[in-house]
Amino acid sequence: MNAAVATSVFAVFMVATVALGLLALRGRGKGGGLAEWSVGGRSLGPVFIWVLMAGEGYTSFSYLGAAGWGYNYGAPVLYVVAYMSCGYAIGYVVGPMLWAYARRHGLVGITDMVAHRFGRPWLGAVVAVLATVFLLPYIQLQITGMGVVLSVISYGAVSLNWAYFVAFAVTTGFVVVSGLRGSAWVSVLKDVLVIATLGFLAFSVPLHYFDGYGPFLDRLVTEKGEWLTLPGHGGGSGDGGGSGFGELWFISTTFLNSLTVVIFPTTVAGYLGARSADALRRNAVYLPAYNVLLFVPMLLGLAALFVVPGLTGAESNLALFKLVVDALPAWAVGLVGVAAALSSIVPMAVFMLVIGTMWGRSVLSLVPRFAERQKSAAQVVVVVAGSLALLLTYTAPNTLVRLSLISYEGMAQLLPMVLLALVWRRLTFRGAFSGLIVGVAVVCALVFTGNDPVGGVNAGLVALAANLAVALAVTLAGPRDADPRPDAEVLAHDPVGEEDESLDVARAARSASDHRV
């Protein structure tokens, strides 16, 4: 009976998810072209942009990984809150710059920006392939996360293999049809459920198991004090020994990830979907407050230390749901499962959307027969990318999980080519490309030889330092790029006041069109 109730609640909300994706197309004709599908026609208002970008912080990691890290290590998991909040602050400046640059030149992603900045279309294709390698693990991890959630909340009635397929089918279905706009609409439902369920769990679990926060925190300080300071449980010395999650690791990871998140292709998709740069600035101010909710799964992971001790390996990621299934009625378990599942679906949809857009715009468009059918090509790539992630989830799960170790560190190596190049004209193609090759090689070598962190420092930051050093050395020692375009055509800047003028022009054009009709 419990399984039937919980899975029924889950099924109803999954149908609602697909329906929302379809409703997002209402009044949009046949869905428009690639810009409409991939960046919402650059017309999403502050609310949709807020919930869409907030979705970056609430993936299946929020319910599984954050609780699991809290259970295994404790304090080091707070790096998530730290880097995201710092990233929003950096995004206050970077977001409007990228938005204005893409709007001015008709671009729809970072591969477009790189190709336009250096005047080499093939470079966009190279970046698209590289970014896909670093994004594909996230799709696989979200499929895995949603599959685990569905299997647990069904009390084992739904097998993991079927749960993985449901995750793939639901996400692919609405993202192929409705694109970024559909993801934004579903984000509203997801955020309502995330706020409601995490808010409820924040109060109910401590009361149910410990008679309140006072007894819980007293017991935590007394019995598990090691979990409350860096480097956390099993961390060894404060210099990052043992687990490696010491002070240097925390600072370097927060710094690297806060820089990287602002040029992450999925974040940039959110930037480019905005109606105005001012909407991005307001979001950068308000989004850090949303991160407060991330403390809930972290605390519940610590609570699970006393309720379900002895979880090891991948089982520790189920710490939160073991509490939920034990303490709540089946209908409530179903609602929590829906919130966690939508926290997988929304970011997974954006990852798939971004991969499709990059390939449709920057790779397949180089083939003449696909040049005029970029949206259709991108939609096909979405299905292929999702299918590949699903296939590898079944056949070789450890392959992509291992690649996920270098996802953020690898994506960080695009920082000079994307950000530095847009504000410093002197950076040459040879310098940026040489630095990228060195940075990716160093981070792969360090991670796959087990040398991450390096002396307590995040390996991605070490690789980025080598990347920058090579890029600057090659740029300053070599000849200037022979690019005749003016700075205004090549560089990005903060469009303070410009978006208001462009909106006035757009309104005037619509008014004139309505008058003619």
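All values reported here derive from a predicted model rather than from experimental measurement.

A. Layout of the overall build of the protein chain. On a plain count of helices and strands, the protein chain comes out with 23 helices and 0 strands. The burial tally for the protein chain puts 55% of its 517 residues in the buried class. Counted over contacts in the protein chain with a minimum sequence separation of 6, partners at least 24 positions apart contribute 83%. As displayed, the protein chain offers around 19900 Å² of accessible surface, 67% of which is attributable to carbon and sulfur atoms.

B. Spotlight on a nonpolar patch on the surface. A cluster of nonpolar residues, Y92, V93, V285 and Y286, forms a patch on the protein surface that exposes about 400 Å² of accessible area. Its location among the elements puts V285 in helix 12 (residues 277-290).

C. Spotlight on the nonpolar core. Among the nonpolar cores identified, the biggest contains 150 residues, and Y63, I139, F321 and L414 are the most heavily contacted of them. Apart from residues no more than four positions distant in its own chain, F321 is found in contact with Y63, L64, V149, V152, I153, V336, G337 and A340.

D. Region of interest: the pattern of salt bridges. This model, assessed by the stated rule, comprises 7 salt bridges. Salt-bridge contacts for D487 lead to R425; the nearest nitrogen and oxygen are separated by 2.7 Å. Remark: R425 occurs in the loop between helix 19 (415-423) and helix 20 (429-448) and D487 occurs in helix 22 (residues 487-490); sequence separation between them is 62 residues. Given the relative accessible area of 43%, D487 is considered partly exposed. Between R430 and D481 there is a salt bridge, and its shortest N-O distance comes to 3.9 Å. With R430 in helix 20 and D481 in the loop between helix 21 (459-477) and helix 22, this residue pair connects regions lying 51 residues apart in the sequence. Look at D481 and you get partly exposed, because its relative accessible area is 27%. Salt bridges sharing common partners tie together D278, R281 and R282.

E. Spotlight on the side chain of T253. Along the polypeptide, T253 turns up in helix 10 (residues 247-260). Reaching out from T253, the side chain makes a polar contact with the backbone oxygen of W249 at a distance of 2.8 Å. Only 3.0 Å separates the side chain of T253 from the side chain of N458, close enough to count as a polar contact.

F. Region of the structure containing the layout of surface pockets. Estimates place the volume of the second largest pocket at around 240 Å³. In terms of lining residues, the second largest pocket is bounded by 14 residues, among which R425, R480, D481, A482 and D483 are the most central. Considered class by class, the residues forming the lining of the second largest pocket number 3 nonpolar, 2 polar and 9 charged.

G. Inspection of the confidence of the model for the protein chain at higher detail. For the protein chain, mean pLDDT is 83; residues scoring 70 or higher make up 84% of the total. Throughout residues 237-241 the model reports pLDDT below 50, and contacts reaching past four residues in sequence, or to other chains, amount to 12 contacts. Ignoring residues within four places in sequence, the model shows residues 503-517, a span with pLDDT below 50, making 2 contacts including any to other chains.

H. Structural view of the packing of aromatic side chains. Scanning the model with the defined rule gives 22 aromatic pairs in all. Members of the aromatic cluster, each reached through a chain of ring pairs, are W69, Y73, Y79, Y83, Y138, F245, W249, F264, F351 and Y408. Cation over ring: R117 sits above F118, and NZ or CZ is 4.7 Å from the ring centre. We note R120 situated over the ring of F429; from NZ or CZ to the ring centre the distance is 4.1 Å.

I. Here's a closer look at the packing of helix 20 against helix 21. The contact between helix 20 and helix 21 brings their axes to 7 Å, and the two run at 155°. Between helix 20 and helix 21, the interaxial angle falls into the category roughly antiparallel. The element helix 20 and its partner helix 21 pack so that their crossing is right-handed. For the pair helix 20 and helix 21, contact is made by R430, G431, A432, S434, G435, L436, V438, G439, V442, V443 and L446 and by A459, G460, V462, A463, A466, N467, V470, A471, V474 and T475, respectively. Among the residues making up the contact of helix 20 with helix 21, the classes are represented as 13 nonpolar, 7 polar and 1 charged.

J. Molecular detail of helix 19. Counted residue by residue, helix 19 has 7 buried out of 9 residues, so it is predominantly covered. Listed in full, the buried residues belonging to helix 19 are L415, P416, M417, V418, L419, A421 and L422.

K. A look at empty space enclosed by the protein. Using the criterion set out here, one finds 2 cavities of 30 Å³ or more in the structure. The volume enclosed by the largest cavity comes to roughly 110 Å³. Lining the largest cavity are 14 residues; nearest its centre among them are V108, G109, P265, V354 and T357. Elements with a minimum of two residues in the lining of the largest cavity: helix 6 (110-118), helix 11 (265-272) and helix 15 (330-363). No other element matches the 5 residues that helix 15 contributes to the lining of the largest cavity.

L. Local environment of the packing of helix 1 (residues 2-23) against helix 15. Running from N to C, helix 1 and helix 15 cross one another at 35°; their axes reach a closest spacing of 8 Å. As for the relative orientation of helix 1 and helix 15, their crossing is right-handed in sense. Only A330, W331, G334, L335, G337, V338, A341, L342 and I345 of helix 15 make contact with helix 1, whose side of the interface consists of N2, V5, A6, V9, F10, F13, M14 and T17. Partitioning the contact of helix 1 with helix 15 into residue classes produces 13 nonpolar, 4 polar and no charged.

M. The arrangement of helix 10 in detail. Under the 1.5 Å per step criterion, the end-to-end length of helix 10 is 20 Å for 14 residues, consistent within 8% with the ideal 20 Å. The complete set of buried residues in helix 10 reads W249, F250, S252, T253, T254, L256, N257, S258 and T260.

N. Summary view of the environment of F210. Take F210: it is sitting in helix 8 (residues 160-210). The buried category is assigned to F210, whose relative accessible area is 8%. The spatial distance from the C-alpha of F210 to the C-alpha of A303 is 8.9 Å, given a sequence separation of 93 residues. Setting aside residues no more than four positions away along its own chain, F210 makes contact with V205, P215, F216, R219, A303, F306 and V307.

O. Main features of the environment of G386. Inspection of the secondary structure assignment puts G386 in helix 16 (residues 374-395). Given a relative accessible area of 0%, G386 falls into the buried group. Each C-alpha atom of the pair G386 and M352 lies 6.8 Å from the other, and the pair is 34 residues apart in sequence. Dropping the residues within four chain positions of it, G386 is found in contact with I143, F168 and M352.

Here is what the cut-offs are and how they apply
Residues numbered from 1 in each chain as written. Predicted model: local features only at pLDDT ≥ 70, side-chain atom pairs only at ≥ 80, totals over all residues. Heavy atoms only, no water. Helix = DSSP H or I, 4+ residues; strand = E, 2+ residues; numbered from the N terminus. Buried < 20%, exposed > 50% of the residue type's maximum accessible area, 1.4 Å probe, protein only. Contact = heavy atoms within 4.5 Å. Areas by Shrake-Rupley, 256 points an atom, 1.4 Å probe, with all protein chains shown as cover. Patch = residues over 30% accessible without salt bridge, like charges linked within 9 Å, V, L, I, M, F, W, Y side chains within 5 Å. Salt bridge = Lys/Arg side-chain N within 4 Å of Asp/Glu carboxyl O. Core = buried A, V, L, I, M, F, W, Y, C linked by side-chain atoms within 4.5 Å. Polar contact = N/O pair within 3.5 Å; in protein donor to acceptor, adjacent residues only side chain to side chain. 1 Å grid on protein atoms, 1.4 Å probe; cavity = no way out; pocket = protein on both sides within 12 Å on 5 of 7 lines; lining within 4 Å. Points joined across faces, edges and corners; volume = space filled by probe spheres on them. Nonpolar A, V, L, I, M, F, W, Y, C, P; charged D, E, K, R; others polar. pLDDT = per-residue confidence, 0-100. Phe/Tyr/Trp six-rings, centres within 6.5 Å; stacked < 30°, edge-to-face > 60°. Lys NZ or Arg CZ within 6 Å of the ring centre and 35° of its normal. Axes fitted to C-alpha atoms, helices over the stretch in contact; angles between N-to-C directions. Parallel < 35°, antiparallel > 145°, perpendicular 65-115°, else oblique. Left-handed = near helix turned anticlockwise from the far one by under 90°. Expected span 1.5 Å × (residues − 1).

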